[in-house]
Amino acid sequence: MNPRIPLAALAACALATSVAACGSSDDNSSSASTNSSSAGGSSVSATLNGAGSTFAAPIYQQVGSDLKGKGLTINYQGVGSGAGVSQFGAGTVDFAGSDPALADADKATIKKGTPVQIPFALGAITASYNLSGVKSGLKLDGATLAKIYLGKITSWDDAAIKSQNPDVQVPSTKITVVHRSDSSGTTKGFTQFLANYSPEWKSGPGVDKDIKWPVGTGAKGNDGVAAGVKQTDGAIGYVEQAYALQNGFTFADVKNKSGKYVAPTLESTSAAADGIDIPEDLGISTIDAPGATAYPIVSQTFAITYADPCKAGLDKNKAAGLKEMFTYLLGDGQDTIKKLSYAPIPDSLKTKDQAAVDAMQCNGAAIGS
Amino acid sequence: MATTSSPDVRRGGRSILERSPAARRADPLFRGILTGLAGLILVLIAFFFVFLINKAEPALSHQGVFSFLFTNDWNPSKAIYGAWPLVAGTLITAFIALLIGVPVAVAAALFITELAPRRVRGPLVILVELLAAVPSVVYGLWGFFVLIPKLKPAEQWFTDTFSFLPLVGGNVAGPNYFIAGLILAIMILPIVSAISREVISTVPADLKEASLALGATRWEMIRMAVLPYSRSGITGAAMLGLGRAIGETIAVTLVIGNSPVLGKQIFDQGYTLAAVIASEFGEAANDKVHAGALIAAGLVLFILTLLINAMARALVRRAENKGTKVKAVPGGLG
Amino acid sequence: MTALAQLTPRRRTTDRVMRVVLAIGTAIALIPLIAVIYYLLSKGLGAWSIDLFTKDPTGNFLGDQGGIKSALLGTIEMVALASAIAIPFGWGVALYLVEYGRKGRFASTVRYFVDVMTGVPSIVFGLFVYATLVLSGWGGSSFSGWKGSVALALLMLPVVTRSAEVVLLLVPDALREAALALGTPRWRVTLRVVLPTALPGLITGSLLAVARAAGETAPLLFTAAAVNGTTFNLGERMNSLPVQIYNDVQSPSDALVQRAWGSALALVTLILLTTLVARLASRRSRLS
């Protein structure tokens, strides 16, 4: 057997693949041509890479499907709000999904350009439980949830739970707490709620995307927590409503600021946005909203990119693509959001958001598309 | 005229065996290329070291090397990088893996070499090596969906019954140190078994036959002739297994729970150096200190595995040099 | 003549018991294999369908989850490139060690470090490529398929080198000397005599390294990342089978979990086939 043949074949392979790789080392040039940009009437053709919140991941994935026919390919990885912001700052993704607004510390780490954050959806953080024989609607308040997560309440038939639910037969199963192991915006929202009702929680584990959990099993992403709750009888975990519904979870009615036990529904989630304060940089927070009918653990979610993507190093197509995606999120995307059981944002917020998106520029000039 | 004719070795004034100037350059060129490739390996490894140390520096100067290794507080959100829970977790799971895996692997090696009928030997060897064909992520998948739920009742029973033992007792978490150690034990079986087999088969036949001739039973022959002779080789095999166990990432991160708090008993959740890198690199993308801490963890792994493997290979080579057969190849051939 | 020691019943029992213990130990070693294969088949075969292999993962939260086409193709592409890098490199180093270096100090040092490199965990290689190539944004984009290939190549290199060296050592010196005696230049002896003789064994060793690289997840997590769509452009993010499985495992969706089992079965089948081809290749060897 001629030894040159396999060597030559290998060399040819190497040459061919390296030519293919070098030939399009930019993300957009060839991928643009593989997308059918004719249908849908849009002239933008780009691949956008994003990462971040698993809370909002279902939305990004569905929107990606929606916009594929229009020439936009959106690759989104749910890695947690913390990782998303980190990767955005490092320049490995074009946009980030984050549930909490960008803190000043976060903004300081984004050195390539000024970020713009657009809140575009609200979602309920359910307290989901896997308890045989107990239906949805178990009444729990913030103090009880805090005690469960502190490890002070260890079984489901504890007096604190029974007193809030006199008509429900709670079994004596041990409570298995499930929480996030990664840096999570959902965690920040949930812990913010706990801190508001438990001074012990506030001074102890505190409020952050990533805390030291006193008890419980850790899992990655909203999907990981959902999987954890699903696997263990007696488990309780905080998951975004879409995940709870997808898996047929039973979840609690939580006591809100006005003292009423509210179930997470489209109405109670939307009600959380009533009367909230909209700061200059659009960094709202809807946790523990004051409304009488509001579900108390509602989180907002932001899509974050650069106010001037081109100055930050992204090319024209990407900048246009980003503007198109964000416009969609605020427009037809709001219907998609509802289909996935998230609540759309109120009009007052929408106008401010749209203004910020319209103000996005490419190297100083408005982005025409 | 009857001269012995020598073949006409001259053509154009030059011996046909002589090479043209161009051809003469081919040999040194070829040799040079190959030497260059070999040298490139050394350059790569040196570069590895230098680069990893350089990138780990922000974390190590922030935390201090000693503090990094021995502080029991891994809290990236507060910029505290005490990796002791990770180091301990790595050691605990590796220890469990060795405890379970080495005896089983050596038993299998002994059985295959000394006791199994000739015809069964081949298939048995192939079967044990098939364990190595299963990739890490598949072991993780299987461990997560099959082992964890199936073993939980047994673990609960064990921890309730034997709670007087140290490191046992309390709540059984689904993913825990023990399951991680068990999966690692399964993963190191093929390599420990293969090397042990090679070492055991280098025991000189006369030694074994002498012992049998003196009336030893089969087991006694193994105990008195085979095992003492192959002791250092088997130790080497176990160390290679250890090296493999501490570096294993994906299977472990799926079944250990990824909790940065050091567990108090073997059925608690934990973390290892390798698992933390896989879990947290995403968050560390833009944080030089966090990224540095993860790279420092990688560096610790790198150095540990280098040392362990170096010692292991020395032991195995020494054991094999006692016999006269062709050397085995540690590392998966065969 | 000294009498042989009495074969007491106690000794006989010990012998029998230990034989059984060793047999049980062997059986215990095989139980996980049987268990894994059983579950792979029972849970994975159900997920196998034409759609699984011809559709990309959709990433949809609800509804159709698609298949694993991009993952399969991505693995093939990245492993192919990694092999194209690692195999010539590894064979070259092995040739140096056997033909030229032999027992010299430089060769011994290289041999030692190659040996020791086989034990480095795959995640360290991934981390290295992440820190050097991804974070610095080399080549335009951050995560790319070819960077994943580099990490895989680093992984394969020591294995290929070591196994190639063993095989090349088995080529009898007589062959080399005969060729040299006929006036063949050294380089030609290596390429035209040694290499062809050792080729089946070299291919075996290389294919085993390929099988190993195909199953690796950790290095690809932070070099090639993951995407849903199929791409033939190695300069972009690329999906791969192990990463796809890793992502699907952590999902609560039953459909995705089942897809994970199906993908795992596909991956193990791929690896076993490669290993089988490797063994068959070694049967054709004229050596040992």
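Note that the coordinates shown come from a computational prediction; the quantities given were computed from them, not determined experimentally. (Residues numbered from 1 in each chain as written. Chains lettered and ligands numbered in written order. Predicted model: local features only at pLDDT ≥ 70, side-chain atom pairs only at ≥ 80, totals over all residues.)

Visitor: What exactly am I supposed to notice about the overall build of chain C here?
Guide: Within chain C, the secondary structure is distributed over 11 helices and 0 strands. Helices and strands appear in chain C in the N-to-C order α-α-α-α-α-α-α-α-α-α-α. Across its three principal directions, the C-alpha atoms of chain C cover 85 × 70 × 35 Å. In chain C, buried positions account for 57% of the 288 residues. Long-range pairs, those at least 24 residues apart, make up 75% of the contacts in chain C between residues at least 6 apart in sequence. (Helix = DSSP H or I, 4+ residues; strand = E, 2+ residues; numbered from the N terminus. Buried ≥ 20, exposed ≤ 12 C-beta atoms within 10 Å, placed from the backbone. Contact = placed C-beta atoms within 7 Å.)

Visitor: Help me out: how do you make sense of the overall build of chain A in this one?
Guide: In terms of helices and strands, chain A carries 15 helices and 14 strands. By sequence separation, contacts in chain A at least 24 residues apart represent 73% of the contacts at least 6 residues apart.

Visitor: Is there a simple way to think about the interface of chain B and chain C in this case?
Guide: How big an interface is tends to be stated in terms of accessible area lost as the parts join. Of the residues lining the interface, 74 residues belong to chain B; the matching set on chain C comes to 74 residues. The leading source of residues in the side of chain B that touches chain C is helix α1 (residues 21-63) of chain B, at 16 residues. Of the residues belonging to the side of chain B that touches chain C, the class tally is 53 nonpolar, 14 polar and 7 charged. (Nonpolar A, V, L, I, M, F, W, Y, C, P; charged D, E, K, R; others polar.)

Visitor: Where do I start with the sheet that holds strand β11 (residues 261-262) of chain A in this structure?
Guide: Two pairing modes exist for strands in a sheet, parallel and antiparallel, and in both the strands are linked by backbone hydrogen bonds. All names here are of chain A. Strand order in this open sheet of 3 strands is β5-β10-β11, and the pairing throughout is mixed. Bordering the open sheet on either side are β5 (139-140) and β11, each of which pairs with just one other strand. Sheet topology places strand β10 (residues 253-255) next to β11; 2 bridges connect them, and they run antiparallel. Bridge pairing in β11 places Val 254 opposite Val 262. (Pairing = 2+ DSSP bridges.)

Visitor: Is there a simple way to explain the environment of Tyr81(B) in this structure?
Guide: All names here are of chain B. By the secondary structure assignment, Tyr 81 is in strand β4 (residues 80-81). Separated by 129 residues in the primary sequence, Tyr 81 and Ala 210 have C-alpha atoms spaced 59 Å apart. Look past the residues within four positions of Tyr 81 in its chain and what remains in contact with it is Ala 59, Gln 63, Phe 68, Trp 74, Pro 76 and Ala 293.

Visitor: Is there a simple way to explain the packing of helix α6 (residues 177-201) of chain B against helix α8 (residues 218-247) of chain B in this structure?
Guide: Relative orientation and spacing of two packed helices are given, respectively, by the angle between their axes and the distance between those axes. Residue and element names in this part refer to chain B. Contact geometry of α6 with α8 gives a least axis separation of 8 Å together with a crossing angle of 150°. Relative to α8, the element α6 is oriented roughly antiparallel. Classified by chirality, the crossing of α8 by α6 is right-handed. Residues Leu 184, Met 187, Ile 188, Ile 191, Val 192, Ile 195, Ser 196, Val 199 and Ile 200 of α6 form the contact with α8, whose participating residues are Val 226, Ser 230, Gly 233, Ile 234, Gly 236, Ala 237, Ala 238, Leu 240, Gly 241, Arg 244 and Ala 245. Considering only residue class, the contact of α6 with α8 consists of 14 nonpolar, 5 polar and 1 charged. (Axes fitted to C-alpha atoms, helices over the stretch in contact; angles between N-to-C directions. Parallel < 35°, antiparallel > 145°, perpendicular 65-115°, else oblique. Left-handed = near helix turned anticlockwise from the far one by under 90°.)

Visitor: Help me understand the pairing of strand β6 (residues 176-180) of chain A, please; the structure alone is not making it clear to me.
Guide: Here is the key point about a regular strand: its side chains alternate between the two faces of the sheet. All names here are of chain A. Counting buried positions over the 5 residues of β6 gives 5, a clear majority of the element. Judged from the 3 bridges that link them, β6 and strand β8 (residues 235-240) form a sheet pairing that is parallel. Residue pairing across strands places Thr 176 opposite Ala 235, the latter belonging to β8. Bridging between β6 and strand β7 (residues 217-219) involves 3 bridges; their strand directions are parallel. If you follow Val 178 over to β7, its bridge partner there is Thr 217.

Visitor: What should I look at first to understand helix α10 (residues 273-280) of chain B in this one?
Guide: Residues that lie three or four places apart on an α-helix share one face, since the helix turns once every 3.6 residues. Of all 8 residues in α10(B), 8 are buried, a share of seventy percent or more. Every buried residue of α10(B) is listed here: Leu273(B), Ala274(B), Ala275(B), Val276(B), Ile277(B), Ala278(B), Ser279(B) and Glu280(B). Contact partners of the buried residues in α10(B): α3 (84-115), α8, α9 (250-255) and α11 (288-322) of chain B together with α5 (122-134) and α9 (218-221) of chain C.

Visitor: Would you mind going over the environment of Ala88(B) with me for this structure?
Guide: All names here are of chain B. With respect to the element layout, Ala 88 can be found in helix α3. Judged by the 18 C-beta atoms lying within 10 Å of it, Ala 88 falls in the partly exposed class. Distance from Ala 88 to Thr 272, taken between C-alpha atoms, is 7.6 Å for residues 184 residues apart in sequence.

Visitor: Looking at this structure, how should I read the pairing of strand β3 (residues 95-98) of chain A?
Guide: Residues and elements named next belong to chain A. Across the two faces of β3 the burial is the same, with Phe 95 and Gly 97 and Ala 96 and Ser 98 all buried. When strand β1 (residues 46-52) meets β3, the two strands line up parallel, connected through 3 bridges. Of the residues in β3, the one forming a bridge with Gly 50 is Phe 95. Here β3 runs beside strand β12 (residues 298-306); their pairing, made up of 3 bridges, is antiparallel.

Visitor: So what exactly am I meant to see when it comes to the packing of helix α1 (residues 9-44) of chain C against helix α11 (residues 254-283) of chain C here?
Guide: Residues and elements named next belong to chain C. For the pair α1 and α11, interaxial distance at closest approach is 8 Å and the crossing angle is 125°. By the angle between their axes, α1 is oblique relative to α11. Judged by the sense of rotation from one axis to the other, the crossing of α1 with α11 is left-handed. Mapping the contact onto sequence places Leu 40, Leu 41, Lys 43 and Gly 44 in α1 and Gln 258, Trp 261, Gly 262, Ala 264, Leu 265 and Val 268 in α11. A breakdown of the residues in the contact of α1 with α11 according to their chemical character gives 6 nonpolar, 3 polar and 1 charged.

Visitor: What is the right way to look at the environment of Asp157(A) in this model?
Guide: Residue and element names in this part refer to chain A. Mapped onto the secondary structure, Asp 157 falls in the loop between α6 (142-150) and α7 (159-164). Along the backbone, Asp 157 and Phe 190 are 33 residues apart, and their C-alpha atoms lie at a distance of 23 Å. What Asp 157 contacts, discounting residues up to four positions off in sequence, is Lys 162, Val 170, Pro 171 and Ser 172.

Visitor: I keep staring at unusual backbone geometry and nothing clicks. Help me out?
Guide: The phi torsion of most residues other than glycine is negative, and most of the peptide bonds are trans. Non-glycine residue Asp288(A) carries a positive phi angle of around 55°. Mapping Asp288(A) onto the fold places it in the loop between α12 (266-271) and β12. In the Ramachandran plot, Arg102(C) falls in the positive-phi region, its phi being about 50° despite a non-glycine side chain. The topology assignment puts Arg102(C) in the loop between α3 (69-101) and α4 (105-117). Owing to 10 C-beta atoms within 10 Å, Arg102(C) belongs among the exposed residues under this scheme.

Visitor: Any chance you could explain the confidence of the model for chain A here in plain terms?
Guide: Parts of the model with low pLDDT should not have their predicted coordinates read in detail. All names here are of chain A. Taken over all residues, the pLDDT of chain A has a mean of 86, while the share at 70 or more is 88%. Of all secondary-structure elements in chain A, the lowest mean pLDDT belongs to helix α2 (residues 29-34), at 36, while β3 reaches the highest, 96. Contacts for the low-pLDDT stretch residues 1-41, under 50 throughout, to residues beyond four places or in other chains number 57 contacts. (pLDDT = per-residue confidence, 0-100.)

Visitor: Quick question: what am I supposed to make of α6(A) here?
Guide: Listing the buried residues of α6(A) in full gives Gly142(A), Thr144(A), Leu145(A), Ala146(A), Ile148(A) and Tyr149(A). Looking one or two places after α6(A), you find Gly151(A), whose phi comes out positive at around 90°.

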